[in-house]
Amino acid sequence: MATTEIQSAQGKSLARVSIQDGFVWDAQDAYLFDIDGTILRSRDRIHFNSFASSVRQVTGLEISLEGMVLHGGTDTAILREAFAQAGIAVDAWESQNEAILEAMRQTIETRRADLDMWRMPGIEETLRHLAERGALLGLATGNLEMIGWTKVELVGLREWFRFGGFSDKFEVRSEMIRDAVFKAREIAGPNVSPCVVGDTPRDIEAARANSLPVIAVATGNYGFDELAEMKPEVCTTSLADLLAETNVRAAVQP
């Protein structure tokens, strides 16, 4: 798995792209995109703060996400871990779990206009490139479904995605991925084997648990080297850099 280094598509840093021999990253039949850190990032803390505020609203209890590893987690698992971190017994809140999740959804809906997000480099160009090659595009995210779709809509990318896997019913990321695979196969046939696109080790682990290939992008909180150590089929500093490297290769081929 050789690493190619080229000038970043943004012209500010050295881009790095590693692709396993024989893997054609843009020739897969379907793709499952993570949202936070892969498609977009948020400048606000509305989603983050909705955990504690929703728990307080529904139960009167206090939790905090401070000190927790959130990247690559699912909303439902994060909620459970936050209760455990606060020393609150499962019996004290689990019966109200759905009410808490609904309060989170309502918070996002109510504050929709305040959400402040930006796209990751090259995301729309990558989606267009893959769609033009006939790929089925979906989401596979730890967000609750309503929250995930809201984020994608607000950055103007909803049109590209036909389905998604979300955390409403799945605390474990690999199970959420499995659900997304099932939906992809309902649409495109039983032999579809999607490629996961994500920015965290948890994305890679969840893909591996389902025997799926992975494109790892270092646009979140994990660097290129850290992701590359897990040997994904592709590791890149950004999707923009992956496209640029692909275009360079195409230009020099006879």
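Cut-offs used in this document
- The residue count restarts for each chain, going from 1 along the sequence in the order it is written.
- Residue-level local features of this predicted model are given only where pLDDT is at least 70; pairs of side-chain atoms are given and counted only at 80 or more, and the full residue set underlies all totals for whole chains, interfaces and linings.
- Processing note: side-chain calculations cover all non-hydrogen atoms of the structure and skip hydrogens and water entirely.
- In this description, a nonpolar core means a group of buried Ala, Val, Leu, Ile, Met, Phe, Trp, Tyr and Cys residues linked to one another through side-chain atoms lying within 4.5 Å.
- Relative accessibility decides the category of a residue: with a 1.4 Å probe and only protein chains considered, values under 20% of the type maximum give buried, values over 50% give exposed, and everything between is partly exposed.
- Whenever Lys or Arg places a side-chain nitrogen within 4 Å of a carboxyl oxygen from Asp or Glu, that contact is recorded as a salt bridge.
- Secondary structure elements are defined from DSSP: runs of H or I of at least 4 residues count as helices, runs of E of at least 2 residues count as strands, and each element is numbered from the N terminus.
- A contact between two residues is defined here by any heavy atoms of the two lying within 4.5 Å.
- Between N-to-C directions, angles span 0 to 180 degrees; the directions come from axes that are lines fitted to C-alpha atoms, helices contributing only their stretch in contact.
- Here the word oblique covers every angle except those under 35 degrees (roughly parallel), over 145 (roughly antiparallel) and from 65 to 115 (roughly perpendicular).
- Each crossing gets its hand from how the near helix is turned against the far one by less than a right angle, where anticlockwise is left-handed and clockwise is right-handed.
- Residues are grouped as follows: nonpolar covers Ala, Val, Leu, Ile, Met, Phe, Trp, Tyr, Cys and Pro; charged covers Asp, Glu, Lys and Arg; every other residue, Gly included, is treated as polar.
- A residue's pLDDT is simply how confident the predictor is in it, with values from 0 to 100.

Moving on: the nonpolar core. Here is a general trend for soluble globular proteins: nonpolar side chains tend to be buried in one another's company. Core analysis: the largest hydrophobic core is formed by 51 residues, its most contacted members being Phe33, Phe161 and Ile215. In terms of nonpolar packing, the next biggest core, distinct from the first, is built from 23 residues, Ala140, Ala218, Tyr222 and Phe224 among them.

Going through the model one piece at a time under the given rule, you end up with 19 salt bridges. As a salt-bridge pair, Asp168 and Arg105 come within 3.0 Å of each other at their nearest N and O atoms. A residue pair is termed long-range when its members are at least 10 positions apart, and Asp168 in the loop between β7 (163-165) and α6 (173-188) and Arg105 in helix α3 (residues 97-110) qualify at 63 residues. Judged by relative accessible area, which is 23%, Asp168 ranks as partly exposed. Judged by its relative accessible area of 11%, Arg105 is buried. In this structure, the salt-bridge partner of Glu124 is Arg128, at a minimum N-O distance of 3.8 Å.

Bringing the side chain of Asp179 into the picture now. Structurally, Asp179 can be placed in helix α6. Among all residues touching Asp179, those that are not within four sequence positions of it are Gly165 and Phe170.

This paragraph deals with the packing of helix α1 (residues 46-59) against helix α2 (residues 75-85). Orientation of α1 relative to α2, taken along the N-to-C sense of each, is 55 degrees, at an axis distance of 11 Å. One finds that α1 runs oblique with respect to α2. Crossing of α1 over α2 shows right-handed handedness. Contacts between α1 and α2 involve His47, Phe51 and Val55 from the former and Asp75, Ile78, Leu79 and Phe83 from the latter. Classifying every residue of the contact of α1 with α2 gives five nonpolar, one polar and one charged.

Moving on: the confidence of the model for the protein. Averaged over every residue, the pLDDT of the protein is 94; the share at 70 or more is 93%. Long-range and interchain partners of residues 7-11, a stretch whose pLDDT sits below 50, account for 14 contacts in this model, where long-range means more than four residues apart.

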